[in-house]
Amino acid sequence: MTFAEQVEGLTGPHARYTPLLWKLLTSVAVSMAARAGARLAARLGMPAAKHTLLRLVRSHPEPPVGRVRAVAVDDFALRKGDVYATIVVDLEARRPVEVLPGREAGPVAAWLTAHPEVEIVTRDRARAYAEAARTGAPQARQVVDRWHVWNNLTEAVEKMVGAHHGCVKQADAELPGNRGELAVPPEPSDGYLDVNGRERASVARTTRRYTEVQELVARGRSLKSISRDLNLDYYVVRRYARAAGLEELLVVATHRTTLLDAHKPYLYERFSQGCHKASLLFREIRAQGYQGSASPVDRYIRLLRKGSIAPPPAKPTPNPARSLHGS
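Basis of the calculations
- Residues numbered from 1 in each chain as written.
- Predicted model: local features only at pLDDT ≥ 70, side-chain atom pairs only at ≥ 80, totals over all residues.
- Heavy atoms only, no water.
- Salt bridge = Lys/Arg side-chain N within 4 Å of Asp/Glu carboxyl O.
- Helix = DSSP H or I, 4+ residues; strand = E, 2+ residues; numbered from the N terminus.
- Buried < 20%, exposed > 50% of the residue type's maximum accessible area, 1.4 Å probe, protein only.
- Axes fitted to C-alpha atoms, helices over the stretch in contact; angles between N-to-C directions.
- Parallel < 35°, antiparallel > 145°, perpendicular 65-115°, else oblique.
- Left-handed = near helix turned anticlockwise from the far one by under 90°.
- Contact = heavy atoms within 4.5 Å.
- Nonpolar A, V, L, I, M, F, W, Y, C, P; charged D, E, K, R; others polar.
- Pairing = 2+ DSSP bridges.
- Core = buried A, V, L, I, M, F, W, Y, C linked by side-chain atoms within 4.5 Å.
- Phe/Tyr/Trp six-rings, centres within 6.5 Å; stacked < 30°, edge-to-face > 60°.
- Lys NZ or Arg CZ within 6 Å of the ring centre and 35° of its normal.

Undergrad: Would you explain the pattern of salt bridges in this entry?
TA: Two side chains bearing opposite charge may form a pair once their charged atoms approach each other closely. Counted according to the given criterion, the structure contains 10 salt bridges. A salt bridge links arginine 69 to glutamate 119, with the shortest nitrogen-to-oxygen separation between them at 3.2 Å. A residue pair is termed long-range when its members are at least 10 positions apart, and arginine 69 in the loop between helix H3 (50-59) and strand S1 (70-79) and glutamate 119 in the loop between helix H4 (105-113) and strand S4 (120-123) qualify at 50 residues. According to the relative accessible area criterion, arginine 69 is partly exposed, its value standing at 34%. Salt bridges linked by common partners bring Arg69, Glu92 and Glu119 together as one network.

Undergrad: What should I look at first to understand the packing of H4 against helix H5 (residues 127-136) in this one?
TA: Two measures define how a pair of helices packs: the angle their axes make with one another and the distance between the axes. For the pair H4 and H5, the least separation of the axes is 8 Å and the interaxial angle reads 30°. On the basis of the axis angle, H4 is roughly parallel to H5. Relative to H5, the crossing made by H4 is right-handed. Contacts between H4 and H5 involve Ala105, Val108, Ala109, Leu112 and Thr113 from the former and Ala128, Tyr129, Glu131, Ala132, Ala133, Thr135 and Gly136 from the latter. Split into classes, the residues belonging to the contact of H4 with H5 amount to eight nonpolar, three polar and one charged.

Undergrad: What am I meant to see in the sheet that holds S4 here?
TA: Within a sheet, adjacent strands bond to each other through the backbone by hydrogen bonds, running parallel or antiparallel. The strand order across the open sheet formed by five strands is S3-S2-S1-S4-S5, and the pairing between neighbours is mixed. Taken across any chain shown, the strands that pair with only one partner, and hence form the sheet edges, are strand S3 (95-101) and strand S5 (141-144). Mean inter-strand twist for the sheet, computed between neighbouring axes without regard to direction, equals 30°. Inspection of the sheet shows strand S2 (residues 83-90) paired to S3 by six bridges, in the antiparallel sense. For valine 89, the partnering residue across the bridge sits in S3 and is proline 96.

Undergrad: Honestly, the nonpolar core in this entry has me stumped. Any pointers?
TA: A general tendency of soluble globular proteins is for nonpolar side chains to be buried together. Among the nonpolar cores identified, the biggest contains 19 residues, and Val71, Val108, Trp111, Leu112, Val118 and Val121 are the most heavily contacted of them. Those elements that place two or more of their residues in this core are S1, S3, H4 and H5. Ignoring any residue separated from it by four or fewer positions in sequence, one finds valine 71 in contact with Val88, Val89, Leu91, Trp111, Leu112, Val118, Ile120, Val121 and Thr122. Within the second largest apolar cluster, 14 residues are counted, among which are Ala278, Ile285, Val297 and Ile301.

Undergrad: Explanation requested: the packing of aromatic side chains in the structure shown.
TA: For any pair of aromatic rings, the description rests on two quantities: the centre-to-centre distance and the angle between the ring planes. Under the definition given, this model contains two aromatic pairs. Taken together, a centroid distance of 5.3 Å and an interplanar angle of 85° make the contact between tyrosine 234 and tyrosine 235 edge-to-face. A centroid spacing of 6.2 Å and a plane angle of 90° characterise the contact between phenylalanine 282 and tyrosine 290, whose relative ring orientation is edge-to-face. According to the relative accessible area criterion, phenylalanine 282 is buried, its value standing at 17%. A cation sits over an aromatic face here: arginine 103 above tyrosine 84, 3.6 Å from the ring centre.

Undergrad: What exactly am I supposed to notice about unusual backbone geometry here?
TA: Note on backbone geometry: most residues besides glycine have negative phi, and most peptide bonds are trans. Despite not being glycine, alanine 33 has its phi angle at roughly 70°, a positive value. Relative to the helices and strands, alanine 33 is located in the loop between helix H1 (19-32) and helix H2 (34-43). Alanine 33 sits in the partly exposed class, given a relative accessible area of 43%. Unusually for a residue other than glycine, arginine 94 sits at a positive phi of about 60°. Within the element layout of this structure, arginine 94 appears in the loop between S2 and S3.

Worth remembering: the numbers are spatial, not functional.
See below:
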């Protein structure tokens, strides 16, 4: 059996690193996280695996919360559409101070009650957080953050435009210089039917969900119970329940824009010329500036083969050889 005396500040029992090296690696891990920290540590002559740095971060003691004057409260998804939690952020220190289970009023109100020094609570429009702030911190001023102000304005404008989509199209057609034609050509069969006259899947799904939600709301059911019964996210159910009408939802469902929209005329032209290879067409539009993945291109070409979509509005397209080779 071997006995060794530990040298304070130099060695520790069962340790593979000296306290100084452990402190340096912890600083790197906290500042740069795992992968980047491992690369920096190797350059500094302190090679360590990324998993080692993660363990250092987890074992690093959190600084005490102390007094918090202004906090932000918001929800985030631990598992999108299923499990959610609430995060509390110290706005002055710019760091999270607590993660609470769920997104109900109770845990947030209890945390605010334990911190009577809170003077400002920043939140979104969720009624649960409003109730938590009133109950747990009646002395605090409630403020809506800038992101939610702009998001609420955007939703209001989108809702208004969606509810008056027909009026907007008519006004666009009557603008001087349009010669009685729409500046943006309408989709075939008013956008709700495909070129074969069949109802689009997105239209059928939206109509079914809207009908189900409205029927349950009329019976007096709560949005949470509807969310559970229909297996839909709470905020999706709320959007269907608050919609002014089905037309508002259908406009959103049938007029979504994608990164591929600007390149569809070119793809259709190349498809008409006999090029049906999606991988080749993907490389061509990537050379033209397409930033998306190959999956939408492959899906669009499959639909063209089936003849289930109409040709997009034509526009001048570059020569594919020039796009690929720059000559």
